[in-house]
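The chain contents come next:
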Amino acid sequence: MNVTKKAKSALISVFSKEGLAPIVEKLNELGITIYSTGGTEKFIRDLGIDVIPVEDVTSYPSILGGRVKTLHPKVFGGILNRQDNDSDIAELKEYEIPQIDIVIVDLYPFEKTVASGASEQDIVEKIDIGGISLIRAAAKNFKDVICVASVDDYNEFLTLISEENGATTLATRKRFAAKAFNVSSHYDTAIFNYFNEDEVVYKSSITNGKELRYGENPHQKGYFFGDFDDMFDKLHGKELSYNNLLDVDAAVNLMSEFKNNAPTFAILKHNNACGMATRETIKEAYTDALAGDPVSAFGGILISNTPIDVETANEIHKLFCEVVIAPSYTNEALEVLKGKKNRVLLVQKDIPLPENSVRTCLNGVLVQDKDSKTDTLEELEYKTEAQPGKEELDDLLFASKICKHTKSNTIVLAKNGQLIASGTGQTSRVDALRQAIEKAKSFNFDLNGAVMASDAFFPFPDCVEIADKAGITSVIQPGGSIKDQLSIDYCNENKMAMVFTGTRHFKH
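The written sequence of each chain sets the order in which its residues are numbered from 1. Where local features are concerned, this predicted model is filtered to residues with pLDDT of at least 70; where side-chain atom pairs are given and counted, the filter is 80 or more; whole-chain, interface and lining totals use all residues. Excluded from the side-chain calculations are hydrogens and water; all other atoms, namely the structure's heavy atoms, are used.

1. Topic: the pattern of salt bridges
Consideration 1: Criterion for a salt bridge: a side-chain nitrogen of Lys or Arg within 4 Å of a carboxyl oxygen of Asp or Glu. Summed over the entire model, instances satisfying the criterion amount to 23 salt bridges.
Consideration 2: Among the salt bridges present, the one from Lys238 reaches Glu322, with a minimum N-O distance of 3.0 Å. Pair noted here: Lys238 is in the loop between β10 (232–236) and α12 (242–255) and Glu322 is in strand β14 (residues 321–326), with a separation of 84 residues, a long-range link.
Consideration 3: Burial here depends on accessible area, computed with a 1.4 Å probe over protein chains only, as a share of the maximum for the residue type. Under 20% is buried, over 50% is exposed, and the range in between is partly exposed. Here Lys238 falls in the partly exposed class, since its relative accessible area comes to 26%.
Consideration 4: Taking the relative accessible area as the measure of exposure, Glu322 reaches 18% and is therefore buried.
Consideration 5: Residue Lys415 is joined to Asp446 by a salt bridge in which the shortest nitrogen-to-oxygen separation is 3.9 Å. Of the two residues, Lys415 sits in strand β19 (residues 411–415) while Asp446 sits in the loop between α17 (429–442) and β21 (451–454), which places them 31 residues apart along the sequence.
Consideration 6: Because the salt bridges share partners, they merge into one network encompassing Asp153, Glu156, Arg175 and Lys179. Put simply, DSSP H or I for four residues or longer makes a helix, DSSP E for two residues or longer makes a strand, and each gets a number counted from the N terminus.

Following this line, the structure appears as structure tokens:
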């Protein structure tokens, strides 16, 4: 077996012709015989380059409206034969099967057709049969054949055959085989997920991955799989780290709760909001978000639900922060914020967020629907004699949204559209509340008239009692404890207002 092989023939069958012309021209220049069919054959012929129709090899035309073109022993025999096997070579001669050294395929755009909202009939017609078979055959026989299975690999392949005069090494062919099987497995996964309605099966395929500087810590490797550019335009700054990406994800999910609200600004650290405020201007929102915890804000992730102007940028520029996210920036604001070379500036695009969350667990994965339930005014159950006023209701819902995106067990305290403290990730809800109260007092917040949100019910009245003694007047919680009445009774006895949402928001 020759480790390095110079190609003599190529089979080309592609959906997209973009970028194909230079390859065809180079193959022709190198004296490589080209076989093709259908639209690809016409494309090559229109370039003024000789091409042999596959029909001339198989003695069969394209049939069934183009569904069957290349599925024939004379095609697949030319691809799958083992050139170091005397019996295979003898059969090629006996059945007049041409040897094929290069296979170039671009599959029907199944995923794009699904995403376009096309009919089922159109989607089914975009399930490639011949192309996927060519890819698998050529990749399997990488010892003798090189398979180019994606438009994304055209440039690399063109450079390769140009520099090596049509020759390829075994290592190169094996590498392209891996790329080909990546394409075919991804394609099949997309088709399965489109059809699957009943099978409890988890299949996911993301072909665009990126190695990060490191993982959560420097001694860990880290990778991101996804299309970051589909969600953001990166305008400035260093490469995002593993931890940056987690914080950006947390920030985007939190701010999605305030998408159409008045100007709102949030500052996050370790996936939790340490400051957040809603105000008449985005500058005021940023200033009051920072006031919520100016210590934790150092090195944080900042996100706005409205465009950032130069006045706000001047204030942000005083803070060391890793990332700033906004729908847009004025030119003057960008000039200011670019003053720190490593500061990452992102413009968030208006696209839907994923509907599921996935995480590793034991020797498998856990998959669930994302918590897309937002507590609303219409769904509140008023459980106490005292009723929250309009401003308190606004604060309760504001706090509830933050609570939903904070690590459990959590308690969130808010007042006048501002996060004034939270207790995050505590094993005891009482500890979370005490942490929040202590933190609010350390930044000189007046808790009288503040509201409290909890991600889960209170099994005992201790939390409402502690909150009452700190000056908190209204509470929002899911309810659902068999001892709910104990907390309700305490609130009634002490003129506190409490509402139930009926929805728990654990976040682990």
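There is more to say, and it comes next.
2. Digging into helix α16 (residues 390–404)
Consideration 1: One fewer than the residue count of a helix, multiplied by 1.5 Å, yields its expected span. With 15 residues, α16 should reach 21 Å at 1.5 Å per residue; the first-to-last C-alpha distance of 21 Å fits that figure.
Consideration 2: Burial analysis of α16 places twelve of its 15 residues in the buried class, the great majority of the element.
Consideration 3: All of the buried residues in α16 are Glu392, Leu393, Asp395, Leu396, Leu397, Phe398, Ala399, Ser400, Lys401, Ile402, Cys403 and Lys404.

3. As for the packing of helix α9 (residues 154–163) against helix α10 (residues 170–195)
For any two helices packed against each other, one specifies the inter-axial angle together with the distance between the axes.
Consideration 1: To get an axis, a line is fitted to the C-alpha atoms, and for a helix only the part in contact is used. The angle between two axes follows their N-to-C directions and goes from 0 to 180 degrees. Running from amino to carboxyl end, α9 crosses α10 at an angle of 165 degrees, the nearest separation of the two axes being 13 Å. Taken together, α9 and α10 sit at an angle that is classed as roughly antiparallel. Pair α9 / α10 crosses with left-handed handedness. Between α9 and α10, the contacting residues are Glu156, Phe157 and Leu160 on the first element and Thr172, Arg175, Phe176 and Lys179 on the second.
Consideration 2: Throughout this entry, Asp, Glu, Lys and Arg are counted as charged residues, while Ala, Val, Leu, Ile, Met, Phe, Trp, Tyr, Cys and Pro are counted as nonpolar. The remaining residues, Gly among them, count as polar. By residue class, the composition of the contact of α9 with α10 is three nonpolar, one polar and three charged. The cut-offs work like this: below 35 degrees is roughly parallel, past 145 is roughly antiparallel, 65 to 115 is roughly perpendicular, and the gaps in between are oblique. Whether a crossing is left-handed or right-handed is set by the direction in which the near helix is turned from the far one by less than a right angle, anticlockwise for left-handed and clockwise for right-handed. Residues count as neighbours in contact if any of their non-hydrogen atoms are within 4.5 Å of one another.

4. Focus on the pairing of strand β15 (residues 344–348)
Consideration 1: Most of β15 sits out of view: four of its five residues are buried.
Consideration 2: We call two strands paired when DSSP finds no fewer than two bridges between them. As defined by bridge partners, β10 adjoins β15 across four bridges and the pair is classed as antiparallel. Pairing of Phe232 across the sheet is with Gln348, part of β15.
Consideration 3: Inspection of the sheet shows β14 paired to β15 by four bridges, in the parallel sense. By the bridge assignment, Val323 is partnered in β15 with Val344.
Consideration 4: By convention, orient the strands away from the viewer: a clockwise path from the first strand over the helix to the second makes the crossover right-handed. After leaving β14, the chain enters helix α15 (residues 331–337) and then returns to the sheet as β15, a path that is right-handed.

5. Thoughts on a negative patch on the surface
Consideration 1: A surface patch of negative charge is lined by Glu120, Glu197, Asp198 and Glu199.
Consideration 2: Relative to the assigned elements, Glu197 resides in the loop between α10 and β8 (209–211). Residues qualify for a patch when their relative accessible area is over 30% and they have no salt bridge, like charges being joined within 9 Å and the nonpolar side chains of Val, Leu, Ile, Met, Phe, Trp and Tyr within 5 Å. Using a 1.4 Å probe, the Shrake-Rupley method yields the accessible areas, and only the shown protein chains count as cover for residues. The convention is simple: Lys and Arg are positive, Asp and Glu are negative, and His and the chain ends are not counted. Note that the charge is assigned to NZ on lysines, CZ on arginines, CG on aspartates and CD on glutamates.

6. Comments concerning the pairing of strand β13 (residues 300–304)
Consideration 1: Counting buried residues along β13, five of its five residues qualify, which places the element largely inside the surrounding structure.
Consideration 2: Here β13 shows no split at all, with Gly300, Leu302 and Ser304 on one side and Ile301 and Ile303 on the other all buried.
Consideration 3: Where strand β11 (residues 264–269) lies against β13, four bridges are found, and the strand directions are antiparallel. Bridging across to β13, Ile267 finds its partner in Leu302.
Consideration 4: Note on the crossover from β13 through helix α14 (residues 310–316) to β14: the handedness is right-handed.

7. Remarks on unusual backbone geometry
Consideration 1: Ser408 connects to Asn409 through a cis peptide bond whose omega is -10 degrees.
Consideration 2: Note on placement: Asn409 falls in the loop between α16 and β19.
Consideration 3: Of note, Glu96 is a non-glycine position whose phi angle comes to about 55 degrees, a positive value.
Consideration 4: Glu96 sits in the exposed class, given a relative accessible area of 63%.
Consideration 5: Residues other than glycine seldom take positive phi values, yet Asn271 does so here, at roughly 75 degrees.

8. Describing the packing of aromatic side chains
Consideration 1: Only rings of Phe, Tyr and Trp enter the pairing, Trp through its six-membered ring, and a pair is recorded when the two centres are within 6.5 Å. The plane angle decides the type: under 30 degrees is stacked, over 60 is edge-to-face, the rest tilted. All told, the structure shown has ten aromatic pairs when counted by the stated rule.
Consideration 2: When the centroid spacing of 5.1 Å and the interplanar angle of 70 degrees are considered together, the rings of Phe265 and Tyr286 count as edge-to-face. Residue Phe265 is located in strand β11, and its partner Tyr286 is located in helix α13 (residues 282–292); the two are separated by 21 residues in the primary sequence. Of the two residues examined, Phe265 and Tyr286, each falls in the buried class.
Consideration 3: By the criterion adopted, a ring carries a charge over it if an Arg CZ or a Lys NZ lies within 6 Å of its centre and within 35 degrees of its normal. The cationic tip of Lys179 hangs over the ring face of Phe176; the distance from NZ or CZ to the ring centre is 5.9 Å.
Consideration 4: Against the face of Phe192 rests Lys203, its NZ or CZ located 5.5 Å from the ring centre.

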